[in-house]
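Coordinate analysis (summary)
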Amino acid sequence: MSKLNIVRRCYNCNTILQDEDPSADGYISPEQFQKKGALVLFCNRCYQKQKYNFSDHEISCSEDYLSMLKDAAATDALIVFVVDLFSFETSFPMDLLRVIQGNRILVLANKRDLLPKNADDEILKEYVAHRFRVAKLKVAKEDVVLTSLNSLSKNPALAKEIDKRRERHDVYVVGAGNAGKTLFIASYLRTYKNKTPRSVVTENYHGTSLPVLQIPLDSSSFIYDTPGTPNTNSVEAKLPLEVARLCYPDEPLRPKTHSLLPGDSLFLGGIARVVLLKGNRTAVSFFGSKNIKTLRMRAKNEEDVFLKLISKGDLTPCSTTLSSPSDFDVYDLEVEETGSRDIGIAGLGWIRFKGDKQTFRIFVPCGVSIFTSRSKIPFEKE
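Residues numbered from 1 in each chain as written. Predicted model: local features only at pLDDT ≥ 70, side-chain atom pairs only at ≥ 80, totals over all residues. Heavy atoms only, no water.

Description of the overall build of the chain
The cut-off we apply is this: Strands here mean DSSP runs of E at least two residues long; helices mean DSSP runs of H or I at least four residues long; both are numbered from the N terminus. Relative accessible area decides the class of each residue, using a 1.4 Å probe on protein chains only: under 20% of the type maximum gives buried, over 50% gives exposed, and in between gives partly exposed. In this description, accessible areas are obtained by the Shrake-Rupley approach with a 1.4 Å probe, and a residue is regarded as covered only by the protein chains that are shown.
Of regular secondary structure, the chain possesses 10 helices and 17 strands. For the chain, the proportion of its 382 residues judged to be buried stands at 53%. Total accessible area on the chain is roughly 17,700 Å²; 49% of this is exposed by carbon and sulfur atoms.

Take a look at the structure:
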C-alpha cells in the first residue's frame, strides 16, 4: 500500500536526519524523529535558523467527552457516527476510537449533494466503510447511509433503521463539528413521538459538564446528541473565517484537471501546493470549491513565486497568515499502488491521479492534516 513516510533528509539542507548525536549534522529530537502524526522535514539546525514548523496534527477529545463515551461502550449503545462526506478522513480522534471500538456503528455519510452527481453511491459507501476500518472500527458497506443537506428531512426510514439497530439500547450521536449532526437531530425530531413521561431536554451529561440533548426513546433509553468533536487539523480551523468559507464548496464538485511533469507544482489557491518530485507525466484532478483557483507552475524558485502571488492576491483564496515558508508544513508521499489514488487535504478537497510510483511533495498550512487513500471517486473505466 502507499506509504506516507517521515522524510529522512532535511528539506532545507538535504542532510540525512538522525536522532542519536545532537552535535552531528541532521539531528532532530527522538520524539520528533519517531512521531507518526507529523512528517518533519527539517533538522534542528535548520529549524532554529528558518523557524520551520513542527505541528501536531492529532486531534483529541476532553476527559468529560471520553467519560461519556465510556458509558456508551459499557452499555453496548449504538453509535450513530455522522461524517462530512466531502472531508472526513482526518477527523477521527484516536482516543474516541479506542473507546468505541467494540460498539455497533451506523455511519451517516452526510453532504452527498456536494459530490458529483455521477459518483457511484455503492462505491462511496464502500469507500466510507473502508476509511472506518482503517480507523480500526468495524464498519461494513451495509452500515453506511448516504444523506444530503436537502434530504435528511425526507428520510423517515432512517429513524426506523436506528430503532432496529439499537435493540432497545441507548443511541449516541457523534461526529466532528459541522458534519451535520444538528441537521440530523432536527430532522429526527420532526417525526419523533414521545411515548414516555420524560421530556426532551438539554442538560449536562451526568458526571460531566457537557451539555447534551437527551431524547427519551423508552422507559430506560435515550438518544444523546453529543457535542461535535474537534476539527483542529482542518483548513477550517487554521485560516481566517472569511478565507475558510471560500475553501468549502456550496455546490456539486467539478474537478479541475492539470498535467504534471516531474518538477511541476500545482497551486491550490494561495492555501496549498503539490509538487510532483518523481515519476512519469501525471494527470491530476482537483476536487474542491469552485472558489479555489488552480495553477500549474514550473519554476526554479516556485516557492518564492507562490508567496509573491499570495502577497499580490493573485491566487484565490489566500490569507495574510500564509506569507512565509514557516507558515507551511511539508509532506512527502511515495506512491506504491497503481489505479485511482487520492491525496487529500483536510477541509480543502483532494486530488485524484493514477498511481505509478510517483513521489509528491505537499505544502499545507501548519497543523493541517493530509491523507492518502484509494479514490473516493475512481476513474470511470476502473
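Some remarks on the confidence of the model for the chain
Under the convention used in this document: As a per-residue measure, pLDDT tells how confident the predictor is, with possible values from 0 to 100. Every residue pair with non-hydrogen atoms within 4.5 Å of one another is taken to be in contact.
This prediction gives the chain a mean pLDDT of 89; 90% of its residues lie at or above 70. Segment residues 50-55: pLDDT under 50, and 25 contacts once partners within four positions in sequence are set aside and those in other chains are kept.

Digging into unusual backbone geometry
Here the residue pair Thr316 and Pro317 is connected by a cis peptide bond, since its omega of -10° sits within 30 degrees of zero. Along the chain, Pro317 falls in the loop between α10 (302-312) and β13 (328-334). Phi is positive for Lys111, which is not a glycine, with a value near 70°. A residue is classified by how much of its surface remains accessible, and Lys111, at 8% relative accessible area, is buried.

Observations concerning the sheet that holds strand β10 (residues 272-278)
Threshold: Should DSSP find at least two bridges between two strands, the strands are regarded as paired. Fitted lines through C-alpha atoms serve as axes, helices being fitted only where they are in contact, and the angles separating the N-to-C directions of these axes extend from 0 to 180 degrees.
Here five strands make up an open sheet; going across it, the order is β12-β9-β10-β16-β13 and the pairing antiparallel. The open sheet has two free edges, formed respectively by β12 (294-297) and β13, since each of these has just one partner strand. Strand-to-strand twist across the sheet, computed as the mean angle between neighbouring axes with direction ignored, equals 20°. The sheet contact formed by strand β9 (residues 265-268) and β10 spans four bridges and is antiparallel.

Here's the deal with the packing of aromatic side chains
Worth spelling out the cut-off: Pairing of aromatic rings covers Phe, Tyr and Trp, the last through its six-membered ring, and needs centres within 6.5 Å; plane angles under 30 degrees mean stacked, over 60 mean edge-to-face, and all others mean tilted.
All told, the structure shown has 18 aromatic pairs when counted by the stated rule. Between Phe184 and Tyr188, the aromatic rings sit 6.2 Å apart at their centres with planes inclined by 50°, giving tilted as the arrangement. Taken as a pair, Phe184 and Tyr188 lie in helix α7 (residues 181-190) at a separation of four residues, close to a single helical turn. On the basis of an interplanar angle of 5° and a centroid distance of 5.0 Å, the ring pair of Phe287 and Trp350 is categorised as stacked. Residue Phe287 is found in strand β11 (residues 282-288), and its partner Trp350 is found in strand β15 (residues 349-356); the two are separated by 63 residues along the sequence. On the basis of relative accessible area, Phe287 is assigned to the buried category, the value being 2%. An aromatic cluster is present here, built from Phe81, Phe88, Phe92, Tyr127 and Phe132 joined pairwise through their rings.

What about the side chain of Ser375?
By the element assignment, Ser375 lies in the segment after β17 (370-374). The class for Ser375 is buried, based on a relative accessible area of 5%. Not counting residues up to four positions away in its chain, the partners in contact with Ser375 are Tyr127, Ser340, Arg341, Asp342 and Arg352.

Some details on the sheet that holds β11
Overall, antiparallel pairing links the five strands, which are arranged β8-β11-β15-β14-β17 in an open sheet. Because the sheet does not close on itself, it has two edges, and the strands there are β8 (256-260) and β17. Neighbouring strand axes in the sheet, compared pairwise and without regard to direction, differ in orientation by 25° on average. Note that strand β14 (residues 338-345) and β15 share eight bridges and pair antiparallel. Considered in β15, the bridge of Thr338 is made with Asp356.

Observations regarding the nonpolar core
Defined as follows: Joining through side-chain atoms within 4.5 Å is the link that ties buried Ala, Val, Leu, Ile, Met, Phe, Trp, Tyr and Cys residues into a set, and such a set is a nonpolar core.
Counting 47 residues, the largest nonpolar core has Leu268, Ile345, Leu348 and Ile362 as its most contacted members. In contact with Leu268, other than residues within four places in its own chain, are Val274, Phe286, Ile292, Lys293, Thr294, Ile345 and Leu348. Residues Ile100, Val128, Ala135 and Phe222 belong to the second largest nonpolar core, which totals 45 residues.

Quick word on the pattern of salt bridges
A side chain with one charge may pair with a side chain of the opposite charge, provided their charged atoms come close. Under the convention used in this document: What makes a salt bridge here is a side-chain nitrogen of Lys or Arg within 4 Å of a carboxyl oxygen of Asp or Glu, nothing more.
Scanning the entire structure with this criterion turns up 23 salt bridges. Note that Arg104 is salt-bridged to Glu167, the shortest N-O span being 4.0 Å. Of this pair, Arg104 sits in strand β2 (residues 104-110) while Glu167 sits in the loop between α6 (156-166) and β4 (171-175); the two residues are 63 residues apart in sequence, bridging distant segments of the chain. Assessed through its relative accessible area of 52%, Glu167 is described here as exposed. Across the salt bridge formed by Arg133 and Glu126, the nearest N and O atoms sit 2.5 Å from each other. Taking the relative accessible area as the measure of exposure, Arg133 reaches 35% and is therefore partly exposed. Through salt bridges that share partners, Asp143, Glu161, Lys164 and Arg165 make up one connected network.

Some details on α10
Quick reminder of the rule: Directions drawn from the helix axis to the C-beta atoms are what define this arc.
Looking at α10, one finds that the buried residues are Glu302, Phe306, Leu307, Leu309 and Ile310. For α10, the angular spread of the buried residues around the axis is 160°, confining them to a single face. More than 90 degrees from the buried face of α10, the exposed residues found are Lys308, Ser311 and Lys312. Phi for Gly313, located one or two positions after α10, is positive at around 75°.

Some details on the pairing of β9
Residues Ser265 and Phe267 of β9 are buried on one face, and the alternating residues Leu266 and Leu268, pointing to the opposite face, are buried as well. Where β9 folds back onto β10 in an antiparallel hairpin, the turn is made up of three residues, including Gly269, whose phi is positive at roughly 60°. Looking at chain direction, β9 and β12 are connected through four bridges and run antiparallel. Bridging from a neighbouring strand, Phe267 pairs with Leu295 of β12.

Topic: the pairing of β10
Taking burial as the measure, the seven residues of β10 include five buried ones, the bulk of the element. The pairing of β10 with strand β16 (residues 359-365) spans five bridges and is classified as antiparallel. Looking at β16, one finds that Val275 is bridged to Arg361.

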